[in-house]
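# Coordinate inspection notes
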Amino acid sequence: MGPIHLTKLMRVLEPEFGTVLARAKREGSTLGAVLREAWSGKALSVMNRVSTRASSSHIGIIGHITPKEFREKLAASEMAGGTFNRFLPIYVERSKRLPIPEGIDASTLSALALRLQVAVDAAGLRGGVELDEAAARLWSDELYDEFSDCDDEDAAWTEFTRRAAPYCRRIAALLAVLDDRGLVGTGDLTAAAALIRYAIGSAKYVLDRTIRNPRVDRLRRALDGAGEDGLSRRDISALFSRNLSRAVLTELIDALMETGDYEETRDVDTGGRPAHRYRRLFPLAVGSPVLPS
């Protein structure tokens with residue numbers, strides 16, 4: 001039997017991405033090389049009793065892993081080889097505890113899936129996707145330099161962000177074709193750039209080996225997202241489900257105030273004792289990820 005040729009569109013969900021890292025680290029493993037080939041859209045093949053070859057492959061991989069496990073299992077040699085700058089790191093954190101989560105309504109999920117399927121089918125009929133005139137100026141004057149500078153520093157996180165520029169272009173193109181357009185506009189580029197900035201912030205946070213206090217980090221993120229109004233001491237207590245003692249809460253706030261990035265004010269319009277409020281001293285730049293620096 002001769003070789004089997006396939007054209008494959010595949011989404012891979014790996015809830016235990018640590019397993020992938022462990023296998024890529026084994027001596028003689030070709031997993032890292034295959035992942036790099038898949039990112040580039042090159043033909044993939046397996047040589048066994050029957051040679052199988054996937055041409056024009058398009059593979060998307062979603063992996064889940066905790067920051068601690070990621071730092072422990074990440075193989076330095078694989079980072080240098082460029083495997084992991086083919087992934088966009090996105091740090092997520094649950095916002096609340098739900099004993100019995102309801103999930104998304106089945107009809108809503110079906111409607112969204114249908115819209116996505118129609119958009120994907122239409123996008124597959126398009127050829128090359130270019131920038132329109134305004135988007136080309138935005139890319140050349142601002143975004144290209146911003147994302148090309150992501151590999152200037154000798155730090156672990158830069159190995160994860162060396163492809164920030166091509167990722168921004170790819171995501172902007174996806175946004176355009178999913179909207180049934182053959183030209184990328186400034187809105188597409190702006191949205192893609194915001195996602196890339198968040199991914200860079202995630203990489204810095206996850207790959208920074210400095211020992212952190214997760215409670216302080218959580219408080220920092222909440223204040224960064226609270227704007228000029230900030231949070232009251234009661235708000236901060238509610239952030240931790242009111243499970244922290246007064247002394248522990250004071251220690252957390254004091255630790256954050258020592259960074260010099262936040263200020264304390266007093267709200268006198270409370271009808272009683274003045275309420276202490278806390279807010280970021282210097283507002284975050286537009287589009288900056290709400291993550292610790």
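In case you missed it, the structure is sitting above this.
Figured I'd write up the structure that's included with this text.

Calculation notes
- Residues numbered from 1 in each chain as written.
- Predicted model: local features only at pLDDT ≥ 70, side-chain atom pairs only at ≥ 80, totals over all residues.
- Heavy atoms only, no water.
- Patch = residues over 30% accessible without salt bridge, like charges linked within 9 Å, V, L, I, M, F, W, Y side chains within 5 Å.
- Areas by Shrake-Rupley, 256 points an atom, 1.4 Å probe, with all protein chains shown as cover.
- Salt bridge = Lys/Arg side-chain N within 4 Å of Asp/Glu carboxyl O.
- Lys, Arg positive; Asp, Glu negative; His and termini not counted.
- Charge placed at Lys NZ, Arg CZ, Asp CG, Glu CD.
- Helix = DSSP H or I, 4+ residues; strand = E, 2+ residues; numbered from the N terminus.
- Axes fitted to C-alpha atoms, helices over the stretch in contact; angles between N-to-C directions.
- Parallel < 35°, antiparallel > 145°, perpendicular 65-115°, else oblique.
- Contact = heavy atoms within 4.5 Å.
- Nonpolar A, V, L, I, M, F, W, Y, C, P; charged D, E, K, R; others polar.
- Phe/Tyr/Trp six-rings, centres within 6.5 Å; stacked < 30°, edge-to-face > 60°.
- Lys NZ or Arg CZ within 6 Å of the ring centre and 35° of its normal.
- Buried < 20%, exposed > 50% of the residue type's maximum accessible area, 1.4 Å probe, protein only.

A grouping of Asp141, Glu142, Asp145 and Asp149 is seen on the molecular surface, where their side chains present a negatively charged patch. Looking at where Asp141 falls in the secondary structure, it is placed in helix H6 (residues 133-148).

Here we come to the packing of H6 against helix H7 (residues 164-178). Here H6 crosses H7 at 130°, and the two axes come no closer than 7 Å. Taken as axis vectors, H6 and H7 run oblique relative to one another. Contacts between H6 and H7 involve Trp139, Phe147 and Ser148 from the former and Ala164, Ala165, Cys168 and Arg169 from the latter. In the contact of H6 with H7, the residues fall into five nonpolar, one polar and one charged.

We now examine the packing of aromatic side chains. In this description, a pair of aromatic rings is defined by centroid distance and the angle of the planes. Per the counting criterion, the structure on display carries three aromatic pairs. The residue whose ring lies beneath Arg169 is Trp139, and the NZ or CZ to ring-centre distance is 5.7 Å. Sitting over the ring of Trp39, Arg170 keeps its end group 3.8 Å from the ring centre.

So, about the pattern of salt bridges. A side chain of one charge can pair with a side chain of the opposite charge if their charged atoms are brought near each other. Within this structure, the stated rule accounts for seven salt bridges. With a closest N to O distance of 3.4 Å, Glu133 and Arg137 form a salt bridge. With Glu133 and Arg137 both in helix H6 and four residues apart, the pair spans about one turn of that helix. In this structure, Arg181 and Asp179 form a salt bridge, with 3.0 Å as the shortest nitrogen-oxygen distance. For Arg181, a relative accessible area of 29% gives the class partly exposed. When salt bridges that share partners are traced, they join Asp179, Arg181 and Asp188 into one network.

Turning our attention to unusual backbone geometry. Located in the positive-phi region is Asp180, a residue other than glycine, with phi close to 60°. Its place among the elements puts Asp180 in the loop between H7 and strand E5 (183-184). If you check the backbone angles, Arg242 has positive phi at about 55° while not being a glycine. Position of Arg242 among the secondary structure elements: in the loop between helix H10 (233-239) and helix H11 (246-257).

This part is about the environment of Ser237. Assignment of secondary structure puts Ser237 in helix H10. Residue class for Ser237 comes out buried when judged on its relative accessible area of 16%. Sequence separation of Ser237 and Leu249 is 12 residues, and the distance between their C-alpha atoms is 7.2 Å. The residues touching Ser237, leaving out its near neighbours within four places in the chain, are Arg242 and Leu249.

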